[in-house]
Amino acid sequence: MAFLELDALSKQFGDLTAVDDVSLDIEEGSFVTIVGPSGCGKTTILRSITGLETPSSGEIRLQGEDITELPPYRRNIGLVFQDYALFPHKTVFDNVAFGLKMRGASEERQRERVEEMLEMVNLEGYEEKYPNECSGGEQQRIAVARAIAFDPDLVLMDEPLSNLDKNLRNSIRTELRRIQNETGVTTVYVTHNQNEALSLGDKLAVMNNGELEQYDAPETVYRNPSSPFVADFLGRSTQVHGTYHRQNGTATARLGPADSGLELTVPPNDDIADGDEVSVFLRDEKLKLHDGSQPRDNTFAGVIEDVDYRGRDVNYFIHVPELDQTIQVSHIPDNASSDFLDVGDDAQVYILPENITCLEGR
Amino acid sequence: MSTSDSRLGPMFDDLMEHDLARFLAAPGSGLIWIFLFLVLPMTVIVVISFATNGEYGNVVYEFTTANYQRFVNGQVYHQIIVDSLIAGVVVTGLALPFGYTAGYFLGRSKTDWKWVLLGLVVLQYWVPFIIRTYAWIIVLSNNGLINQLLLGLGAISNPLDIMYTQYSMIIGLTVSLLPFMILPVYVSVSTIDEDQIHAAKTLGATDFRAFREITFPQSLPGIVSGVLFVFIISAGAFLAPTLLGGPKTRMIAPVIETVFMIDFNWPFAAALSIVYFLVIAFLLYLFTRRVDLEEALDTGAV
């Protein structure tokens, strides 16, 4: 029995199915991120766990107890809102102490705990301030402190970093991870940002159109996406269509127009039959420029169509005639060699077979 | 045409850059209106209140404090002001619960009907006040709607004497002033982010505690302005006591009108107006002080 179990959860809003038969087990003390494009149902799942939304069908169990119909105030679950939802007429102290006050904690206990919480989020001495006297990043941390202060069984975070600028987002992301490590509170974190999703959680759930696409460790999800959506959503890759062929233990995919263009060696997959249609995903960082010094498998040639210089790497858009498609290659230039290519240059590209994701279907 | 346009623009901009022009445009015009419409009439009333009443009702500009002395010694006028203030308090006390519940409902409701209901709240102001007041006579008089209904149901055997009493005036004032309570409460409630209430619930607040801790304190500004509007307008009401009130109803505004128009004693009427003005100003001062005090206590506590 997992700590938190979502069992065949569905939610309909009129004709719209926001969540479609999602089952998810979350272990105690783990940090789980749910990622997906906006409208994929991740926020609805979060609100169902808190009790602000009632699922149309399915069950939510916390420590084995069915809490599906329990009102929010009878659950012991903290929620960090996207726009923080701090109480503007209350001081930072009263905001953070609210959960404790509602549980009838003594004033001494409130004072003690709020102090502890504010120290944890590095906001000592903010007790008497009002939320509108605090910056966005500070408000965000107050919201986290408020959601954790009353010792909830579970803390949920709904895109808590999306209203912050990039630098702040990175530093608070690290801080959230640290807070979760310190407190050990089970955390479910919802985001549409793939960087947050990959770096924050012990486990990553990818959602699309109300359905759970994949649920696994972030590395596994990134390395072995189980569906074309996941492969496309995490990281940047070029999708190429072709057919799968199996011969003497080696698997190949014939790509390009009429399957005649290009043949790449791909990882063998027993689930795909010889001659099936497949989608091949070529990740931009797994595609390497080939300088021709040593022979490589899976090499193909193209012409640079566009160059996007981004500092730490260069994005080459290379048109490959054999595929009749433009692929994206992320190249980390080395100052020792002058390997900077320009629009119109010829380029050779290779990719290791292990780095190719080959999935059935188009 | 385009050249003259492009020249006029910068010229206008240059003009508006002048300090004098800017002063006249921004605080200047406002100050002028305040002076013309508020300070000047008040000054005239103050001056007249210290003048002597002429033999034929004319104002003789000889300085005297006789008008104020007459007020100080005239117990009946004290009682009238007290009666007016009591009527104001009663009407405000009635309008507050009705107006708050209606304003709260409108502020929190998400139905498409909200705009229709808000329209209905304001709709009665399309009808002149005097006509709305007369309408109450039809409802409340001895053979009016309410009495006919109660008689028909057998609830009473003789018609109730509501019309031309304190009660009819209070009812009329309360109902007609309700929008002044509903609208500020509606505005203050509707600006509260719903997520704050959700947050309170996830933190363990029941619906009622979420209301008490989150919604109610943030709707206080609406209550304060609603109370101010309703109290000031009802205590100084003129038409409602005149048309709906009875012979025993004495409110300050109709009395001042009588002294002005029937007694032709302008200086004394002016003195009465000034005294009433000062009483209201003092009460407002106390009220706002008290509200500030409450806020200070509220945030200082816990």
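Data block above holds the structure.
Described below are features of the structure shown in this document.

So, how was this worked out
Residues numbered from 1 in each chain as written. Chains lettered and ligands numbered in written order. Predicted model: local features only at pLDDT ≥ 70, side-chain atom pairs only at ≥ 80, totals over all residues. Heavy atoms only, no water. Helix = DSSP H or I, 4+ residues; strand = E, 2+ residues; numbered from the N terminus. Rg over C-alpha atoms; globule rule 2.2 N^0.38 Å. Buried < 20%, exposed > 50% of the residue type's maximum accessible area, 1.4 Å probe, protein only. Contact = heavy atoms within 4.5 Å. Core = buried A, V, L, I, M, F, W, Y, C linked by side-chain atoms within 4.5 Å. Axes fitted to C-alpha atoms, helices over the stretch in contact; angles between N-to-C directions. Left-handed = near helix turned anticlockwise from the far one by under 90°. Nonpolar A, V, L, I, M, F, W, Y, C, P; charged D, E, K, R; others polar. Salt bridge = Lys/Arg side-chain N within 4 Å of Asp/Glu carboxyl O. Polar contact = N/O pair within 3.5 Å; in protein donor to acceptor, adjacent residues only side chain to side chain. Pairing = 2+ DSSP bridges. 1 Å grid on protein atoms, 1.4 Å probe; cavity = no way out; pocket = protein on both sides within 12 Å on 5 of 7 lines; lining within 4 Å. Points joined across faces, edges and corners; volume = space filled by probe spheres on them. Arc of directions from axis to C-beta. Phe/Tyr/Trp six-rings, centres within 6.5 Å; stacked < 30°, edge-to-face > 60°.

**Considering the overall build of chain B**
Thought 1: Helix and strand counts for chain B stand at 13 helices and 2 strands.
Thought 2: Expected size for 302 residues packed as a compact globule is a radius of gyration near 19 Å; at 25 Å, chain B overshoots this value by more than 25%.
Thought 3: Along the longest, intermediate and shortest principal axes, the C-alpha atoms of chain B span 75 × 70 × 55 Å.
Thought 4: The burial tally for chain B puts 38% of its 302 residues in the buried class.
Thought 5: Considering only contacts within chain B whose residues lie at least 6 apart along the sequence, 67% involve residues at least 24 apart.

**So, the nonpolar core**
Thought 1: Ranked by size, the top nonpolar core spans 42 residues in total, and within it A:L4, A:I34, A:I45, A:I49, A:F98, A:L154 and A:L156 carry the most contacts.
Thought 2: Apart from residues lying up to four places away in sequence, A:F98 is in contact with A:F87, A:K90, B:A200, B:L203, B:A205, B:E213 and B:I214.
Thought 3: Ranked by size, the runner-up nonpolar core spans 33 residues in total, among them A:C134, A:L161, A:L176 and A:L200.

**Digging into the packing of helix 5 (residues 114-123) of chain B against helix 8 (residues 166-190) of chain B**
All names here are of chain B.
Thought 1: Where helix 5 meets helix 8, the closest approach of the two axes is 10 Å, and the angle between their N-to-C directions is 145°. Helix 5 and helix 8 meet at a crossing whose hand is left-handed. Only P179, I182, L183 and Y186 of helix 8 make contact with helix 5, whose side of the interface consists of K114, W115, L118, V121 and V122.
Thought 2: Here the residues of the contact of helix 5 with helix 8 sort into 8 nonpolar, no polar and 1 charged.

**Some words on the environment of A:I327**
Residue and element names in this part refer to chain A.
Thought 1: Within the element layout of this structure, I327 appears in strand 18 (residues 325-331).
Thought 2: Sequence-wise, I327 and E285 are 42 residues apart; in three dimensions their C-alpha atoms are separated by 12 Å.
Thought 3: Not counting the four nearest positions on each side in its chain, I327 is found in contact with T238, L282, L287, F300, Y316, F317, I318, V320 and V349.

**Describing the interface of chain A and chain B**
A common measure of how large an interface is: the accessible area buried when the components associate.
Thought 1: Contact with chain A, which involves 27 residues of that partner, is made by 20 residues of chain B.
Thought 2: The shortest N-O distance in the salt bridge between A:K90 and B:E213 comes to 2.7 Å.
Thought 3: If you look at where chain A meets chain B, you find 7 residue pairs in polar contact (both at pLDDT 80 or more).
Thought 4: Mapped onto the side of chain A that touches chain B, the elements with two or more residues apiece are helix 1 (42-50), strand 6 (77-80), helix 2 (92-102) and helix 3 (107-120) of chain A.

**Concerning the sheet that holds strand 12 (residues 250-255) of chain A**
Residue and element names in this part refer to chain A.
Thought 1: Ordered by their spatial adjacency, 5 strands build an open sheet running 13-12-11-14-20, and the pairing between neighbours is antiparallel. A single partner strand is all that each edge strand has here, and the edge strands are strand 13 (262-266) and strand 20 (357-360). The average angle at which neighbouring strand axes cross in this sheet is 40°, direction not considered.
Thought 2: Sheet analysis places strand 12 next to strand 13, joined by 5 bridges and oriented antiparallel. Opposite L255, over in strand 13, you have L262 as the bridge partner.

**Here we look at empty space enclosed by the protein**
All names here are of chain B.
Thought 1: Summed over all chains, the structure comprises 2 cavities of 30 Å³ or more.
Thought 2: Considering only enclosed or pocket space, the largest cavity measures out at about 40 Å³ in volume.
Thought 3: Considering the residues around the largest cavity, the lining is formed by F129, R132, T133, W136, G172, S176, A240 and L244.
Thought 4: Breaking the lining of the largest cavity down by element, the ones donating at least two residues are helix 6 (129-140) and helix 8.
Thought 5: Ranked by residue count, the leading element in the lining of the largest cavity is helix 6, at 4 residues.
Thought 6: Tallied by class, the residues present in the lining of the largest cavity amount to 4 nonpolar, 3 polar and 1 charged.

**Examining helix 3 (residues 66-73) of chain B**
All names here are of chain B.
Thought 1: Three or more residues of helix 3 are buried, namely N67, Y68 and F71. All buried residues of helix 3 project into a common sector of 95° when viewed along the axis, lining one side. Residues of helix 3 that are exposed and point more than 90 degrees away from the buried face comprise V72 and N73.

**A word on the packing of aromatic side chains**
Thought 1: Applying the stated criterion across every chain, the model contains 15 aromatic pairs over all chains.
Thought 2: Measuring from ring centre to ring centre gives 5.9 Å for A:F31 and A:Y189, while their planes differ by 40°; the resulting arrangement is tilted. Taken together, the residues span a long stretch of sequence, with A:F31 in strand 3 (residues 31-35) and A:Y189 in strand 8 (residues 186-191) at a distance of 158 residues.
Thought 3: Residue class for A:Y189 comes out buried when judged on its relative accessible area of 0%.
Thought 4: Measuring from ring centre to ring centre gives 5.4 Å for B:Y104 and B:F211, while their planes differ by 90°; the resulting arrangement is edge-to-face. Note that B:Y104 is positioned in helix 4 (residues 75-108) and B:F211 in helix 10 (residues 207-235), a separation of 107 residues in sequence.
Thought 5: In this structure B:Y104 comes out as partly exposed when scored by relative accessible area, which is 27%.

**Quick word on the sheet that holds strand 9 (residues 203-208) of chain A**
Residue and element names in this part refer to chain A.
Thought 1: Read from one edge of the open sheet, 6 strands run 6-7-8-3-9-10, paired in mixed fashion. Where the open sheet ends on each side, the last strands, each with one partner, are strand 6 and strand 10 (211-216). Strand-to-strand twist in this sheet, taken as the mean axis angle between neighbours without regard to direction, amounts to 15°.
Thought 2: Relative to strand 7 (residues 154-158), strand 6 is paired through 4 bridges, and the arrangement is parallel. Counted as the bridge partner of V80 is M157 from strand 7.
Thought 3: Contacts from helix 5 (residues 166-183) reach strand 3, strand 7 and strand 8 within the one sheet, and its direction differs from that of strand 3 by about 140°.

**Regarding the layout of surface pockets**
Remark: the empty space left among the atoms is shown by a probe the size of a water molecule rolled over them.
Residues and elements named next belong to chain A.
Thought 1: Volume-wise, the second largest pocket comes out at about 360 Å³.
Thought 2: As for the second largest pocket, its lining consists of 16 residues, and the residues nearest its centre are R223, N224, P225, I356 and T357.
Thought 3: Of all the secondary-structure elements, those providing two or more residues to the lining of the second largest pocket are helix 7 (218-223) and strand 20.
Thought 4: No other element matches the 3 residues that strand 20 contributes to the lining of the second largest pocket.
Thought 5: Tallied by class, residues from the lining of the second largest pocket come to 7 nonpolar, 5 polar and 4 charged.

**Some details on the pattern of salt bridges**
All names here are of chain A.
Thought 1: Tallied over the full model, the rule gives 24 salt bridges over all chains.
Thought 2: A salt bridge links E116 to R113, with the shortest nitrogen-to-oxygen separation between them at 3.0 Å. Linking E116 with R113, this pair stays in helix 3, spanning 3 residues, or about one helical turn.
Thought 3: You can call E116 partly exposed: its relative accessible area is 41%.
Thought 4: Among the residues examined, R113 registers a relative accessible area of 7% and is labelled buried.
Thought 5: Residues participating in the shared-partner salt-bridge network are R109, E112, R113, E116 and D151.

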